[in-house]
Structures are given as structure tokens and as C-alpha cells.
Amino acid sequence: MIGLGRMGANMTERLRAAGHDVKTFDPNVDSTASSLEELVQQLDPPRSVWLMVPAGIVDSVRGELTPHLAGGDTVVDGGNSYFRDSMRRAEKYASQGLDFLDIGVSGGIWGLEVGYCMMVGGPKEAVDRIGPILDTLAPPDGWAHFGKAGAGHFVKMVHNGIEYGLMAAFAEGLSVLRSANIGREQHALDAETTPLRDPEIYQYEFNLADVTEVWRRGSVIASWLLDLTAAGLVKDPSLSHFSGRVSDSGEGRWTIQAAIDEGVPVPVLSSALHQRFMSRGQADFQDKLLSAMRFSFGGHLEKTVEKKAGA
């Protein structure tokens with residue numbers, strides 16, 4: 001196992017707990033091999049080497065690793081790489097007599113306990129060789145081989161695109177509930193403020209932790225993601241430990257690019273990705289332009305808005 005971050009370390013622990021002999025390398029962990037060469041020397045051929053590293057450094061690790069491998073060895077990329085990169089890497093490895101598998105892994109920090117969902121791409125013979133590893137890492141029926149090189153990362157890419165949409169839907173819906181007390185607030189009476197019609201109907205004070213807790217039980221939107229959301233709201237109802245800056249690691253963008261190439265409309269997934277861009281302040285300039293245009297044609301001045309308590 002190369003890379004002992006949140007996922008790699010827990011996957012290694014799960015494998016060792018099941019009796020597998022796992023050698024490791026991570027330059028930031030003292031208890032591992034001192035180099036990739038030493039790691040490979042610890043393995044009996046045919047060797048299987050699993051990479052759990054960021055997509056941006058897969059090629060550099062591959063370049064350092066490959067000279068120490070031999071025909072019949074298998075390299076697995078278990079990170080969130082772009083499926084087209086996986087196709088290219090598989091072709092390169094094949095020319096050297098090596099097998100390459102792209103395996104999308106889902107499970108996060110909970111995978112150690114409940115197992116990892118795994119989406120596999122690459123030659124069936126190589127998949128069969130590491131079958132016992134996949135059976136150990138996954139819960140029952142929790143992995144599948146989806147086809148040739150790139151298939152695993154393609155399926156994982158779309159999985160993460162859907163994840164963006166689900167997360168955005170929960171966040172938006174719960175925000176509507178949180179603001180359902182707006183009728184109790186004082187509103188400015190000026191040309192820059194849309195008047196609230198019928199404020200008496202927005203007089204609710206919903207406890208979002210209670211809402212998500214009841215939704216978890218028999219609701220059509222019940223899910224593991226909702227379970228995690230409910231637990232988070234119990235622990236920190238105001239979410240004071242978070243700034244609201246939401247990152248994206250590429251899969252959402254790649255899903256939308258694939259949808260464009262295929263001519264498939266994905267408005268929900270696209271909106272969820274753009275919301276992440278906005279969360280990082282990437283809409284600031286265009287918002288300033290909107291204010292500038294309103295001022296230019298109507299003399300509209302920006303209003304200073306105070307955040308709600310706990311916001």
C-alpha cells in the first residue's frame with residue numbers, strides 16, 4: 001500500500017486485521033519502507049501494489065515505481081483519478097508487461113468499520129488475482145468489475161457527481177427550514193428590499209437536528225448521508241466549526257464534461273458544482289459587476305447585511 005492517508009491507512013488496517021500480509025510506503029510515516037525500491041523488494045512476485053495517493057501525483061509515483069516492477073505485477077490506482085488518465089496509464093503499463101487496475105473507492109473514514117464500496121476497471125485476470133483483497137475491503141456484494149481500463153474511475157466519477165447533487169439538495173432544503181422564521185424579523189422598508197408578503201406564515205422555529213432525525217426513520221430520503229448530516233447537527237447545531245468553503249477534487253467537473261460529450265442534460269449536478277465554486281468566493285467579481293451595473297443604470301447603493309446569529 002502506497003499512501004497512508006485517511007483512506008490508505010484504514011484500508012491497510014482492515015486488510016491486516018483479516019490476516020493479509022501488507023507492506024507499506026509513505027514518506028511521511030516512519031514505520032513504512034524507506035523507499036519504493038525497498039517496498040517492492042519486500043514483496044514476492046507476482047506483486048500487487050496499491051496506490052492511494054492524490055490524482056495529481058499518480059504519474060510521478062508511477063514513474064518512480066515502475067523500474068522496480070517486473071512482468072506479471074499489478075498496479076492499482078485506488079484514488080480519484082480522471083478515467084482518461086487511467087486509460088493512458090493502463091496502455092503504458094501493458095506495453096511494459098504490467099497490469100493496471102483503476103479502482104474507485106468510496107467509504108471515507110467509515111470504511112475501516114463497514115467496508116469500502118469499490119468500482120473496478122481493467123483486465124479480468126488481474127481482477128481475479130486480487131479478488132481476495134477486494135472481498136476483504138468491501139462489504140458483501142460491495143465491489144464489482146465494470147469493464148476495461150478506465151471503467152472503474154468512470155463509475156466512481158459519476159458516483160461523486162451524484163454525491164455533489166445529493167449534498168446540495170440536503171443543504172438547500174435544510175436552509176429553507178432554517179429560514180422559516182423570517183416573518184418574525186424586522187425588514188427594511190426601502191427600494192432596495194423586496195417586501196415579505198404575508199410574514200405571519202413564516203413564524204416557525206425548526207430544530208434541524210430533530211427534523212433530520214425523524215427523516216432518517218422511514219422517510220423516502222433516508223440515507224447514510226442523511227444519517228451523517230443528522231449526527232453533525234446534533235454535535236454542532238450552528239455549524240460554527242465550519243466556514244462554508246466547499247472544495248471539489250475534480251470528479252464533479254469530469255462528470256459534467258462527460259455529460260456534455262454524451263449530450264446528456266445534468267442541470268442538478270452542474271448547479272451543485274457551481275455552488276461549490278461560489279462557496280469559495282469565485283463569484284465575488286461577478287457579484288461586484290452586478291452591483292456596479294445596478295448603480296450605473298439606477299443609482300442603486302449596496303446594502304450592508306448583518307449575518308443571523310449563529311451564521
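Since this is a predicted model, take the numbers as computed values, not measurements.

> Explain helix α10 (residues 224-235) here, please?
Three- or four-residue spacings in an α-helix give side chains the same orientation, since the helix completes a turn every 3.6 residues. For α10, spanning 12 residues, the distance from its first C-alpha to its last is 17 Å, which sits close to the expected 16 Å at 1.5 Å a residue. Within α10, burial applies to Leu 226, Ala 230 and Leu 233. Each buried residue of α10 sits inside an arc of 65° when the element is viewed along its axis, so together they form one side. Buried residues along α10 sit against α8 (151-178) and α9 (208-215).

> For this particular structure, what's the right way to read unusual backbone geometry?
One can expect most non-glycine residues to show negative phi and most peptide bonds to be in trans. For the bond running from Pro 45 to Pro 46, omega is -5°, close enough to zero to count as cis. As for its position among the elements, Pro 46 is in the loop between α2 (36-41) and β1 (48-51). The phi torsion at Asp 141 lies on the positive side, around 60°, for a residue other than glycine. With respect to the helices, strands and loops of the structure, Asp 141 is situated in the loop between α7 (131-137) and β5 (143-147). Given the relative accessible area of 82%, Asp 141 is considered exposed. Positioned with a positive phi, Leu 239 is a non-glycine residue whose angle comes to about 55°. In this structure, Leu 239 sits in the loop between α10 and α11 (251-262).

> Just to check I follow, could you spell out the sheet that holds strand β2 (residues 74-77) for this structure?
Sheet strands pair by backbone hydrogen bonding; their relative direction is either parallel or antiparallel. Strand order in this open sheet of five strands is β1-β2-β3-β4-β5, and the pairing throughout is mixed. Sheet topology places β1 and β5 at the edges, where each strand pairs with a single neighbour. Taken over all neighbouring pairs, the strand axes of this sheet differ in orientation by 25° on average, direction set aside. Of the strand pairs in this sheet, strand β4 (residues 117-121) and β5 are connected by four bridges, and their pairing is parallel. The residue of β5 that forms the bridge with Met 118 is Trp 143.

> Which parts of the structure should I look at to understand the pattern of salt bridges?
It is possible for side chains bearing opposite charge to pair when their charged atoms get close. This model, assessed by the stated rule, comprises 18 salt bridges. With a shortest N-O distance of 2.9 Å, Arg 280 and Asp 248 are connected by a salt bridge. Highlighted residues: Arg 280 in the loop between α12 (267-279) and α13 (284-298) and Asp 248 in the loop between α10 and α11, separated in sequence by 32 residues. In this structure, Arg 280 and Asp 248 share a single accessibility class: buried.

> How should I be thinking about the packing of α8 against α12 in this particular structure?
A packed helix pair is summarised by two numbers, namely the angle formed by the two axes and the spacing between the axes. Viewed as axis vectors pointing N to C, α8 and α12 meet at an angle of 75°, and their least axial separation amounts to 8 Å. Judged on the interaxial angle alone, α12 and α8 are roughly perpendicular. Within the contact between the two elements, α8 uses Gly 161, Ile 162, Tyr 164, Gly 165, Met 167 and Ala 168 and α12 uses Val 268, Leu 269, Ala 272, Leu 273 and Arg 276.

> Would you mind going over the environment of Asn 80 with me for this structure?
Structurally, Asn 80 can be placed in the loop between β2 and α4 (83-95). Taking the C-alpha atoms as reference points, Asn 80 and Ala 33, separated by 47 residues in sequence, lie 24 Å from one another. A polar contact is formed between the side chain of Asn 80 and the side chain of Lys 156, at a distance of 2.9 Å. Within polar-contact distance, the side chain of Asn 80 engages the side chain of Glu 251 at 3.2 Å.

What counts as what
- Residues numbered from 1 in each chain as written.
- Predicted model: local features only at pLDDT ≥ 70, side-chain atom pairs only at ≥ 80, totals over all residues.
- Heavy atoms only, no water.
- Helix = DSSP H or I, 4+ residues; strand = E, 2+ residues; numbered from the N terminus.
- Expected span 1.5 Å × (residues − 1).
- Buried < 20%, exposed > 50% of the residue type's maximum accessible area, 1.4 Å probe, protein only.
- Arc of directions from axis to C-beta.
- Contact = heavy atoms within 4.5 Å.
- Pairing = 2+ DSSP bridges.
- Axes fitted to C-alpha atoms, helices over the stretch in contact; angles between N-to-C directions.
- Salt bridge = Lys/Arg side-chain N within 4 Å of Asp/Glu carboxyl O.
- Parallel < 35°, antiparallel > 145°, perpendicular 65-115°, else oblique.
- Polar contact = N/O pair within 3.5 Å; in protein donor to acceptor, adjacent residues only side chain to side chain.

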